[in-house]
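# Commentary on secondary and tertiary structure
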Amino acid sequence: VCGLFFALGSVSSKKLVVFTVASENNDGYNRFIDSANLYNIKTKILGLNKPWQGGNMNGVGGGYKLNLYLEALEPYKNNDNIVVLLTDAYDVVLLADSTTVLNKFIEFNSSIVISTENSCWPNGKLADQYPTVDQNGYRFINSGGIIGYASQLYKLLSEKPIKNLADDQLHLTNLYLNTDLREKFNIKLDNYAKLFQNIYLAEDDIKLKLVNKSYVLENINFNTQPAILHGNGLSKMTFNSYTNYIPNKWSPESGCNTCYDNNLDLSTLKEEDYPIVLLSIIVDKPTPFFDEFLDKIENIDYPRSRVFLSITTLVDYHKEQVDKFILKIGDKYNASFVFHKTVEDSIHARHLSFSLCTSKSCDYLFYIENEAHLDNPQTLKILIQLNKKIIAPMLTRPFKAWSNFWGALSSEGFYARSHDYMDIVNYNKTGTWNVPYIGSCYLMKGKILENKYNRPSYKGNNLDYDMAFCKSLRDKGVFMYIDNHHTYGHLIDSESFDITLKNPEVYQIFENRYDWTQRYIHPEYTDNFNPDKKPAEPCPDVFWFPIVTEQFCKEFIEIMENFGQWSDGTNNDPRLDNGYEAVPTRDIHMKQVGLQNVWLEFLRLYVSQLQEHVYLGYYSDGPPRSLMNFVVKYNPLGQASLRPHHDSSTYTINIALNSPGKDYQGGGCHFLRYKCKVTDLKIGWMLMHPGRLTHYHEGLEVINGTRYIMISFIDP
Ligand code: UDP
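This write-up is about the structure you can find in this document. Everything quoted here is computed from the prediction, not taken from an experiment.

The next subject is the overall build of the protein. Along the protein, the regular secondary structure elements total 18 helices and 40 strands. Its C-alpha atoms give the protein a radius of gyration of 35 Å, more than 25% over the compact-globule value 27 Å for 716 residues. Scored against the burial criterion, the 716 residues of the protein give a buried share of 56%. Within the protein, contacts between residues separated by at least 24 positions form 79% of all contacts whose residues are at least 6 apart in sequence. Here the protein contributes 70 positively and 82 negatively charged side chains, and the mean placements of these two sets differ by 5 Å.

So this is what it looks like as structure tokens:
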């Protein structure tokens, strides 16, 4: 009878009040409040900034919540016009306004409606006592969402006392399974997610749907649009991912709606007012292109007087570079610290930077591992302005889907690909994303490190330090964000970096092509294709291109000299299949120094395009083929010149690895048929000429010093 009475009331005569419990003003709490504010729903927060008395929520507990609700309902105990929504805070968002919520509630014709889920927790034995539900509706109570008339809720919760540490869900279940009470209070369960959607074990039932250019949550099983979304139990990561989009967070048309809401503005600050940053660099494995990494650290645009620089080198390999770097610019920072430690201390080293940050009263700790290249010097400033507790700039391995964040976690806590991972990595969707894992580089507020006993930790049971760190943040309810509004930089792949090699970066064309190109390809290379510029043609059909950098030439020569086994310049050449070389030089083959495949890749990426650009209509059949790729060494003591000959190639390339006039006198290439000599060779520039028939040529005598050239006979 009671229920009937209440159900007959109209929405306009009812008022919605929301009660939630939050002992801490944390990220989840703020997300909940933002959603309530979006719909202008007034919320009363219970237990804020008071010790949580409901036990450890990973197990049974939460009775405390019901006691707080009961206390808060007391003033309304005789009020039949107020409808109260009792909801968790940290893992809940509201998705509709008061009228919608009230309407949905009234449609139940009930006094109290409780949310449901697919698991009967914490006491599975009670499952059979639940009424059966048609069409696979959710059968069991979830205590994270209850709605009802204030007077009725008060009475229901007064029926039986509950201890703070007892389980709220079990308590509510027992009340509901008592059929007398169920009838007395006309309690109904929201079996079809009309009002409440609990995500756990219902992940496949829900979907985001675009309606009027923004996303709504739809339960595709029951064709409902729930008004309250709850990441109950183990579904918190999935829930977090949904809340990147709803309510009204991100849409294809407007992008991120809230990313800039609470941003800071650094532009108005005087230098001395900038936040203090501890720049903590962790060098924990041999990593290619480390000099470039340090250059980018140096380029970070931020007042150095406000930066403490700490570099921890856990491997010998980079020590010298780090010491040089500190010598060069260490004194420009507020202070700099260098720690050289051993790998075993890797976790300790990371924790040390927390203590350092606190001891310097830093506002931020900017953590950077040496695989993280910050190509964008504004990264630090941008991240500070985004104003999150912890945020990572999205970094990816160029040309690969590998990045420094995970969009989802597997049930074992490892990487899982989220539905939007590729869109984020490829910048199809840009924003600031709440994700379960970030790594390599992030900015965290000093505040989260202040309390020595409640800091995040890199130490975890059988977990790698990075996973342990993210888990500890998740356990503390700290949201980790990845931002891809801007491009910030990229990640180096150091997995196959072989430091036993001389100049090992030269070998990295496959793993780290982007960095390889940056270091080794001539800055004017792309200009070779400028349609307004004709390629240099010093002799007929001999073209001349800038192709590699001086650093490439230097490192290449060093590799050859380090190897040292130059051939003897005779016709007997055991390196060849037939053991005979008609036009021998003193040289080293790429195969001998393990660079054959690197070189073929170089030909494919950078040389064949140039050939197609100048010798129109000729295409290698597939990637350019070349069996003979070698560095030749000319000097007066060994071999000073090479007699006229044809090359057994379709075309030949000849790259000057050092400079005439400076490194040697004489030298050059003479094309006899055209009576044309190229002698003013330029380091890093490549001559390209046809191999057979027309371009009979000789190597001119080197009179003094040593001349090095790199030769390939392409498409023999
Ligand atoms: N809660 C709180 N402080 C705590 C733990 C929990 O205020 O230390 C509140 C908060 O509203 C939270 C709710 O209790 O959303 C339920 O906790 P939790 O979300 O961890 O439980 P679950 O939904 O996973 O059962």
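A word on the packing of aromatic side chains. By the definition in use, this model includes 43 aromatic pairs. With a centroid separation of 5.7 Å and an interplanar angle of 90°, the aromatic rings of Tyr-215 and Tyr-245 are classed as edge-to-face. Of this pair, Tyr-215 sits in strand β10 (residues 214-219) while Tyr-245 is found in the loop between α8 (236-242) and β12 (250-251), placing the two residues 30 residues apart along the sequence. Note on Tyr-215: relative accessible area 17%, which makes it buried.

Attention now goes to the sheet that holds strand β11 (residues 228-230). If you walk across this open sheet you meet the 3 strands as β4-β11-β8, and the pairing is mixed. Each edge of the sheet is formed by a strand with only one pairing partner; in this case those strands are β4 (92-94) and β8 (196-198). Between one strand axis and the next, the sheet turns through 15° on average, direction left out of account. Sheet analysis places β8 next to β11, joined by 3 bridges and oriented parallel. Paired with Gln-197 across the bridge in β11 is Leu-229.

Turning next to the state of the cysteines. Counted by the stated rule, this structure contains 3 disulfides. Between Cys-256 and Cys-259 runs a disulfide, and the two sulfur atoms are separated by 1.9 Å. Note on the Cys-256 and Cys-259 pair: the S-S dihedral is about 90°, so by sign convention the disulfide is right-handed. Looking at Cys-256, the relative accessible area reads 18%, which means it is buried. For Cys-357, the disulfide goes to Cys-362, at an S-S distance of 1.6 Å.

Moving on, we come to unusual backbone geometry. Here the amide bond leading from Trp-121 into Pro-122 is cis, since omega sits at 5°, within 30 degrees of zero. Tracing the sequence through the fold places Pro-122 in the loop between β5 (112-117) and β6 (140-149). Of note, the amide linkage connecting Ile-246 to Pro-247 takes the cis form, showing an omega dihedral of -5°. Inspection of the secondary structure puts Pro-247 in the loop between α8 and β12. The phi dihedral of Asn-212 is positive, around 50°, even though this residue is not glycine.

Let us now look at the site of the ligand. The environment of the ligand is made up of 13 residues, and the closest members are Val-21, Ser-23, Ala-89, Asp-91 and Lys-236. Between the ligand and the protein, one listed contact pairs an oxygen atom with a side-chain N or O atom of Asp-88 at 3.3 Å. A total of 520 Å² of accessible area belongs to the ligand in isolation, and the protein chains cover 82% of it. Residue composition of the shell around the ligand, grouped by class: 6 nonpolar, 3 polar and 4 charged.

With that settled, the discussion passes to the pattern of salt bridges. Inspection of the entire model under this criterion finds 28 salt bridges. A salt bridge links Glu-495 to Arg-397; its shortest N-O distance comes to 3.1 Å. In this pair, Glu-495 sits in the loop between β27 (490-491) and α16 (513-520) while Arg-397 sits in the loop between β19 (390-393) and β20 (405-406), placing the two residues 98 residues apart along the sequence. The shortest N-O distance in the salt bridge between Lys-533 and Asp-527 comes to 2.9 Å. By relative accessible area, Asp-527 is classed as partly exposed at 30%.

Let's shift gears to the sheet that holds strand β36 (residues 676-678). With antiparallel pairing, the 4 strands of this open sheet are ordered in space as β32-β38-β35-β36. Strands with a single pairing partner mark the edges of an open sheet, and in this sheet they are β32 (642-645) and β36. Strand-to-strand twist across the sheet, computed as the mean angle between neighbouring axes with direction ignored, equals 15°. Pairing of strand β35 (residues 669-671) with strand β38 (residues 697-699), which is carried by 3 bridges, proceeds in the antiparallel orientation. Each bridged residue has a counterpart across the sheet, and for Phe-671 the counterpart in β38 is His-697.

Here we come to the packing of helix α3 (residues 63-73) against helix α5 (residues 150-158). Relative orientation of the contacting elements α3 and α5 amounts to 135°, with a least axis distance of 9 Å. Taken together, α3 and α5 sit at an angle that is classed as oblique. For α3 against α5, the interelement crossing comes out left-handed. On α5, the residues touching Leu-66, Tyr-69, Leu-70 and Leu-73 of α3 are Ala-150, Leu-153, Tyr-154, Leu-157 and Ser-158. Its residues placed into classes, the contact of α3 with α5 shows 8 nonpolar, 1 polar and no charged.

Our focus in this paragraph is the packing of helix α9 (residues 290-298) against helix α10 (residues 319-329). Two elements in contact, α9 and α10, have axes whose closest approach is 11 Å; the angle formed by their N-to-C orientations is 25°. Classified by the angle their axes make, α9 and α10 are roughly parallel. The crossing of α9 and α10 is right-handed. Where α9 abuts α10, its residues Phe-290, Asp-291, Leu-294, Ile-297 and Glu-298 lie against Gln-321, Val-322, Phe-325, Lys-328 and Ile-329.

Rules behind the numbers
Residues numbered from 1 in each chain as written. Predicted model: local features only at pLDDT ≥ 70, side-chain atom pairs only at ≥ 80, totals over all residues. Heavy atoms only, no water. Helix = DSSP H or I, 4+ residues; strand = E, 2+ residues; numbered from the N terminus. Rg over C-alpha atoms; globule rule 2.2 N^0.38 Å. Buried < 20%, exposed > 50% of the residue type's maximum accessible area, 1.4 Å probe, protein only. Contact = heavy atoms within 4.5 Å. Lys, Arg positive; Asp, Glu negative; His and termini not counted. Charge placed at Lys NZ, Arg CZ, Asp CG, Glu CD. Phe/Tyr/Trp six-rings, centres within 6.5 Å; stacked < 30°, edge-to-face > 60°. Pairing = 2+ DSSP bridges. Axes fitted to C-alpha atoms, helices over the stretch in contact; angles between N-to-C directions. Disulfide = S-S within 2.5 Å. Near = heavy atom within 4 Å. Polar contact = N/O pair within 3.5 Å; in protein donor to acceptor, adjacent residues only side chain to side chain. Areas by Shrake-Rupley, 256 points an atom, 1.4 Å probe, with all protein chains shown as cover. Nonpolar A, V, L, I, M, F, W, Y, C, P; charged D, E, K, R; others polar. Salt bridge = Lys/Arg side-chain N within 4 Å of Asp/Glu carboxyl O. Parallel < 35°, antiparallel > 145°, perpendicular 65-115°, else oblique. Left-handed = near helix turned anticlockwise from the far one by under 90°.

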